[in-house]
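# A look at the structure
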Amino acid sequence: MVLFFSFIFQFVINNVSAQKTTLSFINKSYSGDSVFVYTITDYITEKEKLLASGKVNDSGYFNCSFVIKNTIPVFIPLHIFKVTMYAEPGKTYHLKIPPKKNLDVEDELNPFFTPVEILPGIKESDSLELNYQVNSFGEIYENFIIKYFNNLYYSAKKSIPDSAILAMEKKFAYSKNPFFKTYLEYKLNMLRYMSYERDDNYVIKYRFNSFPVSFKNSAYMSMFNDIFKHYFSVSVAKKWGEKIMEDIAKSKSPWELHRTLKMNPAFTNDTLIDLVILKGLHDAFLADKISGYRTFPTKQLLMTLDSMICCAMLPEYKDIAKNIKYDALQMAPGTEAPSFSLLNRDSVRISLSDLRGKYLLVNFHDFRSYTFPSEMTLLGNTSKKFVNNLEIVTIVSNSSPGKLDEFCKKNNFAWQFLVAENTRELFKSYKIKAYPAYYLIDPYGKIVLSPSPGPDGNFDIIFGKILMGRN
């Protein structure tokens, strides 16, 4: 009965603390555009989450709302720009953004293009507003690092950074915002670390272990991710950490990892240790892609992660563990292919689940790419060759049902063409790095090849062998 009332009390508290936050702007250059507002769900996986979306009206007005319980980072992709800010529960933000500037075709086709990150103006903002404080501090902080870069990194002197730290603390002593106070503290801690506090165990003990874990604060997590980067791989070579490999490979246990990490005298904070375990598991999945780091068996890593998902003390830690597992298995052979629901050239919505029964060669292209027509001709040959066993699905960005229909009729292409919508979400789910991109999916919706060679590669030979193996 006590547990029941405790659960009800926590449910009420969680829902009372959640409040509606509103963003809006007026800029006629964006009239008719679709706008998407995102956040980062956690700072270990940096998984994006769509908060809200909508259309800018003919007058250039955009407005959206979302419910949040904590201060969160928010970003809005706007063509060449990426608007970034922090949103607090219950606040209304009237943004001032620059006029629309479209990407050049070369930039859109460039998989390594990085948007210009901008901080929006916020109407009716003042020195007490969080974004004002973060931006004002950031300008002072970055200018200091640029000016004293060599002194910070190579001389390891305390006097220069310490005097600057005292000045910055004094300047922002008026702030009562808890998020900003933690943000300021860990930005300055990072400055100390870069300059002279270069013993990791000292930093762990006196900058992390002795303070509350702030896993929702960007400055805290930026320093955390730097200090604990590939921590399992680094620590397994130390006397206290030599059991880490056994904890994963044999025990498959976060509790054994917890016990081993406590062998390091710098650790006494259990909540911190669990976050370090999550970071360690996340980085361990990437170790085989980076030279110089100790690798760990994937199957056992997943089993250890499943235990964290099941039994982590904090619900937020369970969510981080789920995100790590999603990243580790995303587009892996044998896993479910990400779903989609897109318009075909007849403006009929087609979902991935509608296409089961044959193998699918799902491919992504940009309509403006100069290789697009030749790639389609090659796909046409592949389609005819495997007509009984393979269905081709071509997903095209920067096009429309009408344009695709005209193109297909002109070239006698009879397979499925779909128009890419909200390409950011779709391309992230398929881990697309560049055009063209190909993936082979089996008749039951499972990934077979990720990525797959295209028709100008040796796809026909590989797919023929897959069919022979199945038969």
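A quick note: this is a predicted structure, and the numbers were derived from the prediction, not measured. (Residues numbered from 1 in each chain as written. Predicted model: local features only at pLDDT ≥ 70, side-chain atom pairs only at ≥ 80, totals over all residues. Heavy atoms only, no water.)

## Quick word on the overall build of the protein
Note the following rule: In this description a helix means any DSSP run of H or I spanning at least four residues, a strand means any run of E spanning at least two, and both kinds are numbered starting from the N terminus. Burial status follows relative accessibility: with a 1.4 Å probe on protein chains alone, a residue under 20% of its type maximum counts as buried, one over 50% as exposed, and anything between as partly exposed. The contact criterion used throughout is that any non-hydrogen atoms of two residues lie within 4.5 Å. Where accessible areas are quoted, they stem from the Shrake-Rupley method and a 1.4 Å probe; at the residue level, only the protein chains shown are allowed to cover. Positive charges are assigned to Lys and Arg, negative charges to Asp and Glu, while His and the chain termini are left out of the count. Charge positions come from single atoms, namely NZ of Lys, CZ of Arg, CG of Asp or CD of Glu.
Broken down by element type, the protein carries 18 helices and 16 strands. Its C-alpha atoms give the protein principal-axis dimensions of roughly 75 × 60 × 60 Å. In the protein, buried positions account for 47% of the 471 residues. Summarising the internal contacts of the protein: among those between residues at least 6 apart in sequence, 67% fall at separations of at least 24. A total accessible area of about 24,300 Å² is found for the protein, and carbon and sulfur atoms account for 54% of it. Mean positive and mean negative side-chain charge positions of the protein (57 and 48 charges, respectively) differ by 2 Å.

## A closer look at the packing of aromatic side chains
This is how it is decided: Note on aromatic contacts: the rings of Phe and Tyr and the six-membered ring of Trp form a pair at centre separations within 6.5 Å, being stacked when their planes are under 30 degrees apart, edge-to-face when over 60 apart, and tilted otherwise. Consider the ring centre and the ring normal. A charge sits over the ring if Lys NZ or Arg CZ is within 6 Å of that centre and within 35 degrees of that normal.
This model, assessed by the stated rule, comprises 43 aromatic pairs. Between phenylalanine 137 and phenylalanine 172 the ring centres are 5.9 Å apart and the planes differ by 85°, which places this aromatic pair in the edge-to-face class. With phenylalanine 137 in helix 3 (residues 130–147) and phenylalanine 172 in the loop between helix 5 (159–171) and helix 6 (178–195), this residue pair connects regions lying 35 residues apart in the sequence. Take phenylalanine 137 and phenylalanine 172: they sit in the same class, and that class is buried. Pairing phenylalanine 180 with tyrosine 183 gives two aromatic rings, centres 6.4 Å apart and planes at 20°, and the pair type is stacked. In this pair, phenylalanine 180 and tyrosine 183 both sit in helix 6, three residues apart, roughly one turn of the helix. Of the residues examined, phenylalanine 180 reaches a relative accessible area of 0% and is grouped as buried. The ring of phenylalanine 172 is capped by lysine 171, whose NZ or CZ atom sits 5.9 Å from the centre of that ring.

## Observations regarding helix 6
Filter applied, for reference: One fewer than the residue count of a helix, multiplied by 1.5 Å, yields its expected span. Definition of a polar contact: a pair of N or O atoms within 3.5 Å, with one able to donate and the other able to accept a hydrogen when the atoms are protein atoms, and with sequence-neighbouring residues admitted only if both atoms are side-chain atoms.
In this model helix 6 runs 26 Å from its N-terminal to its C-terminal C-alpha over 18 residues, within 8% of the 26 Å that 1.5 Å per residue would give. Of all the 18 residues making up helix 6, 13 are buried; the element is thus mostly covered by neighbouring parts of the structure. Its side-chain oxygen 2.9 Å from the backbone nitrogen of phenylalanine 179, asparagine 177 forms the N-cap of helix 6.

## Here we look at the pattern of salt bridges
What counts is decided by this rule: For this analysis, a salt bridge means a side-chain nitrogen from Lys or Arg found within 4 Å of a carboxyl oxygen belonging to Asp or Glu.
Counted by the stated rule, this structure contains 19 salt bridges. Between aspartate 33 and lysine 100 there is a salt bridge; the shortest N-O distance is 3.2 Å. A residue pair is termed long-range when its members are at least 10 positions apart, and aspartate 33 in the loop between strand 1 (19–26) and strand 2 (34–40) and lysine 100 in the loop between strand 7 (92–96) and helix 2 (105–109) qualify at 67 residues. Here lysine 100 falls in the partly exposed class, since its relative accessible area comes to 28%.

## Describing the sheet that holds strand 12 (residues 359–366)
The condition is simple: Pairing between strands requires that DSSP locate at least two bridges from one strand to the other. Axes, fitted as lines to C-alpha atoms, cover a helix only where it is in contact. Angles between the N-to-C directions of the axes lie from 0 to 180 degrees.
Read across the open sheet, the seven strands follow the order 11-10-14-13-12-15-16; overall the sheet is mixed. For this open sheet the edge positions go to strand 11 (349–351) and strand 16 (447–449), each flanked by a neighbour on one side alone. Looking at each pair of strands side by side, their axes are set apart by 40° on average, direction ignored. Strand contacts of helix 16 (residues 401–411): strand 10 (341–344), strand 13 (390–397) and strand 14 (416–419), with the helix running at about 155° to strand 14, the strand carrying the most contacts. In the packing of helix 18 (residues 459–470) onto the sheet, contacts are made with strand 12, strand 13, strand 15 (437–441) and strand 16, and the angle to strand 12 comes to roughly 160°.

## Concerning the pairing of strand 14
A two-sided burial pattern is seen for strand 14, the buried positions comprising Gln416 and Leu418 on one face and Phe417 and Val419 on the other. Summarising the sheet, strand 10 and strand 14 pair through two bridges and their orientation is antiparallel. Bridging across to strand 14, leucine 343 finds its partner in valine 419. Bridging between strand 13 and strand 14 involves four bridges; their strand directions are parallel.

## Points about unusual backbone geometry
The bulk of non-glycine residues show a negative phi, and the bulk of peptide bonds are trans. Looking along the chain, the bond that leaves tyrosine 435 and enters proline 436 is cis, with omega of -15°. Within the secondary structure, proline 436 sits in the loop between helix 17 (423–429) and strand 15.

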